[in-house]
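The lines below spell out each chain.
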Amino acid sequence: MKVNGQAYRSIWLAADGVGVEIIDQTQLPFRFVVARLDTLEEAATAISRMLVRGAPLIGATAAYGVCLGLRSGASSAALEEMAVRLIACRPTAVNLRWAVERMLRVLLPLPEEQRLRAAYQEAGRICEEDVAANEAIGRHGAALIASLAEKKKLGEPVNILTHCNAGWLATVDWGTALAPIFKAVEQGIAVHVWVDETRPRNQGASLTAWELVAAGVPHHLIVDNAGGHLMQHGLVDCCIVGTDRTTASGDVCNKIGTYLKALAAFDNQVPFYVALPGSTVDWSVDNGVAEIPIEERGQEEVLRLQGQDDEGTLRAIAIAPAATPAVNPAFDVTPARLVSGLITERGVCPASRQGLLGLYPEQGK
Ligand code: MRU
């Protein structure tokens, strides 16, 4: 996607072919800062401090983290240690484990001296596949938006509500939930996006809104509590969200607050779609509520708000009494019964085991 007319991905190999460059998402929407990663530890810190975030991008960063780690030792024991370190960075997004395990499957059978080169190749493939998958998600999702547009009066936009950031910044490019929107706009379909601010870290306000401004997509920012009201008044034609882990039975784990939006959508007969690449399906898990580990983040994210003051200084301010404690679960699980459909790179399917196996039959063997 373009930033000030220049095409960017969210992660890329530096010009020297060794280091890895990322966009520091903690600085957006106020500053566009590129950061360089040279060690596994820097990659791990970028993931856990959320300079990079979003399930597919976390996976891609971890894959490059393995490359960076191999520069200081390529034994099998070292590789296993790297995997443990990287997977521990964030527990919920399954793409992290998926990418690291994929790297190990490719690298462990190789002689040590071949591992570094093979690692960079594999990390590159993970990135390219992510871009292709998200573009395909965009095409399939845009067809759904097109069918909603047919029911609108001429020139009236399709109103889409999204939660958190599942745009190109959450992936290597295109995004998951935003890819259908970008594609629909490309096709000349009138679209308007309701952007949930997404407390506590405000990925909607800071990242989704920034992406939509850059792409010229009409949108409004809303507080997280406004979605139900808008749905009751017929102002939302569908919801499209991303996911950090979807179970084999179609339960969807995503940013905290997604479940409440799905409940409101269900009550108002608003279609609720989830966009995801196959790498986000955890085939080993069935019941999302019972089995998916939910990341608990620090209470300061709830007790303080970060933003830019009128002088252009980034500041965090307290919003609660100093003595008030907070809890901060980062994700929740929306049961499959509340999900109208899963938009994948292979097409749209019901949120169910049968639906997913229809698109990914190789997982049933
Ligand atoms: O904590 P984050 O910002 O990494 O969480 C990301 C999300 O939950 C997004 O909503 C997204 O849908 C999943 S990644 C495409």
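This one's a predicted model, so the numbers in the text were calculated from it and none came from an experiment.

## A few points about the sheet that holds strand E8 (residues 219-222)
Here's step 1: Overall, mixed pairing links the seven strands, which are arranged E8-E7-E6-E9-E12-E17-E18 in an open sheet. The sheet is open, and its two borders are formed by E8 and strand E18 (347-349), each paired with just one other strand. For this sheet the average axis-to-axis angle between neighbouring strands, irrespective of direction, equals 25°.
Here's step 2: With three bridges connecting them, strand E9 (residues 238-241) and strand E12 (residues 272-275) associate as parallel partners. In the strand pairing of E12, Cys239 is matched with Phe272.
Here's step 3: In the packing of helix H5 (residues 112-150) onto the sheet, contacts are made with strand E6 (158-162), strand E7 (191-196), E9, E12, strand E17 (341-344) and E18, and the angle to E17 comes to roughly 135°.
Here's step 4: Here helix H6 (residues 179-186) sits on the sheet and contacts E6, E7 and E9; the angle it forms with E7, its principal contact strand, is near 155°.

## Comments concerning the packing of helix H2 (residues 55-70) against helix H3 (residues 76-87)
Here's step 1: Interaxial distance between H2 and H3 falls to 10 Å at its minimum, and their mutual angle equals 140°. What the angle tells us is that H2 and H3 run oblique. For the pair H2 and H3, the crossing hand works out as right-handed. Residues Ala62, Gly65, Val66, Gly69 and Leu70 of H2 lie in contact with H3, whose contacting residues are Leu79, Met82 and Leu86.
Here's step 2: Partitioning the contact of H2 with H3 into residue classes produces six nonpolar, two polar and no charged.

## Comments concerning the pattern of salt bridges
Here's step 1: Across all of its chains, the model carries 22 salt bridges by this definition.
Here's step 2: With its nearest N and O atoms 3.9 Å apart, the salt bridge here joins Arg97 to Glu101. With a gap of four residues between them, Arg97 and Glu101 both fall in helix H4 (residues 94-107), about one helical turn apart.
Here's step 3: Taking the relative accessible area as the measure of exposure, Glu101 reaches 39% and is therefore partly exposed.
Here's step 4: For Glu122, the salt bridge identified is with Arg125, shortest N-O distance 2.7 Å.

## As for the site of the ligand
Here's step 1: As a structural note, the neighbourhood of the ligand is formed by 19 residues, with Arg53, Arg90, Gln203, Asp244 and Lys255 the closest of them.
Here's step 2: At 2.9 Å from an oxygen atom of the ligand is found a side-chain nitrogen or oxygen belonging to Arg53.
Here's step 3: At 3.3 Å from an oxygen atom of the ligand is found a main-chain nitrogen or oxygen belonging to Thr243.
Here's step 4: Using a 2 Å cut-off from the grid points, one finds that the ligand occupies the largest cavity.
Here's step 5: Of all the secondary-structure elements, those providing two or more residues to the shell around the ligand are H2 and strand E11 (252-255).

About the criteria used
Residues numbered from 1 in each chain as written. Predicted model: local features only at pLDDT ≥ 70, side-chain atom pairs only at ≥ 80, totals over all residues. Heavy atoms only, no water. Pairing = 2+ DSSP bridges. Helix = DSSP H or I, 4+ residues; strand = E, 2+ residues; numbered from the N terminus. Axes fitted to C-alpha atoms, helices over the stretch in contact; angles between N-to-C directions. Contact = heavy atoms within 4.5 Å. Parallel < 35°, antiparallel > 145°, perpendicular 65-115°, else oblique. Left-handed = near helix turned anticlockwise from the far one by under 90°. Nonpolar A, V, L, I, M, F, W, Y, C, P; charged D, E, K, R; others polar. Salt bridge = Lys/Arg side-chain N within 4 Å of Asp/Glu carboxyl O. Buried < 20%, exposed > 50% of the residue type's maximum accessible area, 1.4 Å probe, protein only. Near = heavy atom within 4 Å. Polar contact = N/O pair within 3.5 Å; in protein donor to acceptor, adjacent residues only side chain to side chain. 1 Å grid on protein atoms, 1.4 Å probe; cavity = no way out; pocket = protein on both sides within 12 Å on 5 of 7 lines; lining within 4 Å. Sits in = over half its atoms within 2 Å of the grid points.

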